Amino acid sequence: MTTKNKSILMLGCFDTKEENFNFLRQCIVSNGDNVIAMNTGVMGSTSFFPVDFESDLVAMEGGQTIEALRQMGDRGFAVEVMGRGARKMVTKLMTQGKIKAVIGMGGGGGTYIALAAMQELPLGFPKLCISTLAAKDVTRQVGMKDILLMPSVVDVAGLNSISRPIMRNAAAAVCGMGRVNLEVDDKNFGTIAISMFGNTTACVDQCTKSLEAKGYEVMAFHANGLGGNAMETLIREGCFDGVLDITTTELADELCGGICSAGPGRLSAAVEMGIPQVVVPGCLDMVNFAHLDTVPGQYKARQLYSWAPDVTLMRTDGQENIQLAKMIAEKLNFSVVPVTVLLPLKGLSQIDSEGGIFYQPKINRVLFDSLKQQLKDHVKVVEMDAHINETLFSESAVDSLLENIEKHKSKSVK
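What comes next concerns the included structure.

Reading the values: rules and limits
Residues numbered from 1 in each chain as written. Predicted model: local features only at pLDDT ≥ 70, side-chain atom pairs only at ≥ 80, totals over all residues. Heavy atoms only, no water. Helix = DSSP H or I, 4+ residues; strand = E, 2+ residues; numbered from the N terminus. Buried < 20%, exposed > 50% of the residue type's maximum accessible area, 1.4 Å probe, protein only. Contact = heavy atoms within 4.5 Å. Areas by Shrake-Rupley, 256 points an atom, 1.4 Å probe, with all protein chains shown as cover. Lys, Arg positive; Asp, Glu negative; His and termini not counted. Charge placed at Lys NZ, Arg CZ, Asp CG, Glu CD. Pairing = 2+ DSSP bridges. Axes fitted to C-alpha atoms, helices over the stretch in contact; angles between N-to-C directions. 1 Å grid on protein atoms, 1.4 Å probe; cavity = no way out; pocket = protein on both sides within 12 Å on 5 of 7 lines; lining within 4 Å. Points joined across faces, edges and corners; volume = space filled by probe spheres on them. Nonpolar A, V, L, I, M, F, W, Y, C, P; charged D, E, K, R; others polar. Phe/Tyr/Trp six-rings, centres within 6.5 Å; stacked < 30°, edge-to-face > 60°. Core = buried A, V, L, I, M, F, W, Y, C linked by side-chain atoms within 4.5 Å.

The secondary structure content of the protein amounts to 14 helices and 14 strands. Each principal axis of the C-alpha distribution contributes one length, and for the protein these read about 75 × 55 × 40 Å. By the burial criterion, 52% of the 414 residues in the protein qualify as buried. Across the protein, the fraction of contacts at a sequence separation of at least 24, relative to all contacts at a separation of at least 6, is 73%. Taken as a whole, the protein presents about 18300 Å² of accessible surface, with 52% of it coming from carbon and sulfur. Separation between the mean location of the 39 positive side-chain charges and that of the 46 negative ones in the protein comes to 3 Å.

As paired strands, strand β11 (residues 304-308) and strand β12 (residues 311-315) are joined by 4 bridges and run antiparallel to one another. Bridging across to β12, Leu 304 finds its partner in Met 314.

What follows concerns helix α9 (residues 226-236). All of the buried residues in α9 are Gly 227, Gly 228, Ala 230, Met 231, Glu 232, Leu 234 and Ile 235. As for α9, its buried residues are in contact with β6 (190-196), β7 (216-222), β8 (242-247), α10 (250-256) and α11 (269-273). Within two residues after α9, Gly 238 carries a phi angle of roughly 75 degrees, on the positive side.

Here we take up the sheet that holds β12. Spatially, β10-β12-β11 is the arrangement adopted by the 3 strands of the open sheet, whose pairing is antiparallel. Both outer strands of the open sheet, β10 (286-289) and β11, are each paired with one neighbouring strand and no more. Sheet twist, expressed as the average angle between the axes of neighbouring strands with direction ignored, equals 30 degrees. Both β10 and β12 contribute to a ladder of 4 bridges, which runs antiparallel. Paired with Phe 289 across the two strands is Thr 312, which belongs to β12.

With parallel pairing, 5 strands are arranged side by side in an open sheet as β2-β1-β3-β4-β5. Both outer strands of the open sheet, β2 (35-39) and β5 (148-151), are each paired with one neighbouring strand and no more. The average undirected angle you get between the axes of adjacent strands in this sheet is 20 degrees. Here strand β3 (residues 99-106) pairs with strand β4 (residues 127-131) via 5 bridges, running parallel. Pairing of Gly 104 across the sheet is with Cys 129, part of β4. Sitting on the sheet, helix α4 (residues 75-95) is in contact with β1 (7-12), β2 and β3, with an inclination near 155 degrees to β2.

This part covers empty space enclosed by the protein. Over the atoms, a rolling probe the size of a water molecule traces out where space has been left empty. Summed over all chains, the structure comprises 1 cavity of 30 Å³ or more. Taken together, Asn 20, Met 105, Ile 130, Ser 152, Val 154, Asp 155, Val 156, Ser 163, Ile 166 and Met 167 make up the full set of residues lining the largest cavity. It is helix α7 (residues 163-178) that provides the largest number of residues to the lining of the largest cavity, a total of 3 residues. For the lining of the largest cavity, the residue count by class is 6 nonpolar, 3 polar and 1 charged.

This part takes up the packing of aromatic side chains. All told, the structure shown has 5 aromatic pairs when counted by the stated rule. With 5.9 Å between their ring centres and 90 degrees between their planes, Phe 221 and Phe 240 make a pair best called edge-to-face. Here Phe 221 is found in strand β7, whereas its partner Phe 240 is found in the loop between α9 and β8, with 19 residues between them in sequence. For the residue pair Phe 221 and Phe 240, the accessibility class agrees, reading buried in each case.

Turning our attention to unusual backbone geometry. The phi angle at Leu 267 is positive, at roughly 80 degrees, despite the residue not being glycine. Summarising the element assignment, Leu 267 is placed in the loop between α10 and α11.

Below, the discussion takes up the nonpolar core. Leu 9, Met 38, Val 90 and Val 102 are the most contacted members of the largest nonpolar core, which has 31 residues in total. Counting residues per element, the ones that place at least two in this core are β1, β2, α2 (55-61), α3 (66-72), α4, β3 and α5 (108-117). Ranked by residues supplied to this core, first place goes to α4 with 8 residues. Ranked by size, the runner-up nonpolar core spans 27 residues in total, among them Phe 289, Ala 325, Ala 329 and Val 341.

Looking now at the layout of surface pockets. Within this model, the second largest pocket holds a volume of roughly 350 Å³. Forming the boundary of the second largest pocket are 21 residues, of which Cys 13, Asp 15, Val 42, Arg 75 and Val 79 lie nearest the centre. Sorting the residues of the lining of the second largest pocket by element identifies α3, α4 and α5 as the ones contributing at least two each. Per-class residue counts for the lining of the second largest pocket are 8 nonpolar, 8 polar and 5 charged.

In structure tokens, the structure reads:
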């Protein structure tokens, strides 16, 4: 996809930040690119430079008139409406092939609107935001998007010897990214998502090598909450032909309040999208907490292990395993495409192996039996007399996934 004859979209509150945006626009133009300007400011506009889309159009796309927003005087509501409207307009401009990159700038409200506007843009499409919040946790606003955040260092309120070089750099960056043609990588057989943790790295590495040798592209996601969310998001965006969910530990953190929860939606996307998968209860022997003193009081007497100074692992027990089995079954039972659950009888993680700190086969057996009881007949369950990190297990996981993919293809052809 060529970027020739496409423009850089600059969006923000031109009513309060016009001087800054005027300078940013000049920097973009000096780099040889055209600018489409979109005003998301509620109280007015600017005469410093041409505005292609004024705030009244953005508000209308968001479901309100600009006059209504001004009369309400509800800043939070206005920011939400303008973010929603900007998202629709940005998506439309991208779909029409008019823009090749997006840049925003602002404080709290401006950042929210800019990040909201970028949410529908695909992976790889250049997205940059100069923000006073760039050094803070804006996980919820960014979501799983590849948005480049650049700290403004000083407030976005006028020009000075700090703000100017930052905007020059931002303009150069977005223009440079905008000149990269977005090409779809050639792939032979398809792309596979795989989940991993330090405790399942050996298994994931072996699976990856085997799949790559067969012509597949493999994308690994760290099962730390953000990784699981990213994987679920990209599954819903149609990025994968199969899912090898080796490490489902985020479910244990969701159940027990650990720091690596990916939320209640974990393990849902492949089922909803009809993607063949293999699911393994990898690292369900553990719940992740931070420093030892952060472990909730009700768990202080439990078996704890310091994986690192800032990571404390808690061994799951029988009752938790019953609940985890229920969580898994409630999701996988809805699958209408081939899905296999592989159970490694000799351990679920590196430290759940014979002689390991979390090695408790009887507790694992509760999980295995509960899964077999609660999973419906169309979900294939395979018990393997192997540890999760053994070559035998990884080979079986790959073979099972490829078998499911072929079954799905055969049904689709019919």
